[in-house]
Amino acid sequence: MKRSFAGKTDTGLVRSVNQDSYYIDPDGRFFIVADGMGGHAGGQEASRIATGAIQSYLLEHWEGPEDSPLLLEKALLIANQAILTDQLDHPERADMGTTAVVLMFRDEGRPWCANIGDSRLYRLHGARLEQITEDQTWVAQAVKRKALTTEQARTHPWRHVLSQCLGRDDLREIDIVPVDIKPGDRLLLCSDGLTEELSDPLIASPLKSIRAGEGAATALIEAAKDKGGRDNITVVIVTIDLK
């Protein structure tokens, strides 16, 4: 299936530094969004290191024998190790880490997604927006256990506490899932600077109404800034063409 794509990042209205990173493969084979943490320099470096390491590994091993889930897992493990190595070289960045969400089109007919942290992948099919990834956060686990409602989770003081991120030597589980797509679908990768400000219906609206990917990306970022723009905001939109 042919696809078109666009991406945009914005510092937002409160932060002085953008700790998000993203990468779009020029041939549309894979897409990465990372949201760094750990102080200004640390967060910037963590997301930059992760994005670069994932990109390099995928490009180097694209034609290799590993199946797609294993390729994605290895790419994120390499990224994790790259951040750990940088932490040893720069002790002032010892607490840095980053989320990462990766969408990869390698197998005919079915893309794969890998996720660590709370950056997200959504799929818009018709009028229905569905969150594909599962947040690796304390509140997401509490919602799963029915200890919190979804609405309570949106404002809980621990909503930003990650259960996993890149940059930790105890990294345990990388979520890797296949993604079902059909012509006309839209896929959205984003950092939590978007989802913290906008509910799913507000995210779905420009994805449904603005066909140009660049225009939809701009509209999403501006909508998040209109709601406060308290964090860096990054969006990547992939449109599965009808023909």
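Below: a short report on this structure. All of these numbers come straight from a predicted model, not from anything done at the bench.

**A look at the nonpolar core**
Line of reasoning, step 1. I54, L58, L76 and L166 are the most contacted members of the largest nonpolar core, which has 27 residues in total.
Line of reasoning, step 2. At the level of elements, β3 (30-37), α1 (40-61), α2 (68-89), β5 (100-107) and β6 (110-116) are the ones that each hand at least two residues to this core.
Line of reasoning, step 3. At seven residues, α1 tops the list of elements feeding residues into this core.
Line of reasoning, step 4. Dropping the residues within four chain positions of it, L166 is found in contact with A50, L76, A79, N80, I83, G97, T98, A100, I116 and L171.

**Some thoughts on the sheet that holds strand β1 (residues 3-10)**
Line of reasoning, step 1. The strand order β1-β11-β10-β7-β8 describes an open sheet built from five strands, whose pairing is antiparallel. The open sheet has two edge strands, β1 and β8 (128-131), and neither has a second partner. The average angle at which neighbouring strand axes cross in this sheet is 15°, direction not considered.
Line of reasoning, step 2. Bridge analysis of β1 against strand β11 (residues 233-240) gives eight bridges, and the strand direction is antiparallel. What sits directly across from D10, in β11, is I233.
Line of reasoning, step 3. Across the sheet, helix α7 (residues 213-226) is in contact with β1, β10 (186-190) and β11; its angle to β11 comes to roughly 150°.

**Details of α7**
Line of reasoning, step 1. When the terminal C-alpha atoms of α7 are compared, their 20 Å separation across 14 residues agrees well with the 20 Å that a helix rising 1.5 Å per residue should span.
Line of reasoning, step 2. Those residues of α7 that fall on the buried side of the exposure criterion are G213, A216, A217, L220, I221, A224 and K225.
Line of reasoning, step 3. Elements that come into contact with the buried residues of α7 comprise β1, β10, α5 (192-195), α6 (200-209) and β11.
Line of reasoning, step 4. Two residues or fewer past α7, G228 is found with a positive phi of approximately 140°.

Analysis parameters
Residues numbered from 1 in each chain as written. Predicted model: local features only at pLDDT ≥ 70, side-chain atom pairs only at ≥ 80, totals over all residues. Heavy atoms only, no water. Core = buried A, V, L, I, M, F, W, Y, C linked by side-chain atoms within 4.5 Å. Buried < 20%, exposed > 50% of the residue type's maximum accessible area, 1.4 Å probe, protein only. Helix = DSSP H or I, 4+ residues; strand = E, 2+ residues; numbered from the N terminus. Contact = heavy atoms within 4.5 Å. Pairing = 2+ DSSP bridges. Axes fitted to C-alpha atoms, helices over the stretch in contact; angles between N-to-C directions. Expected span 1.5 Å × (residues − 1).

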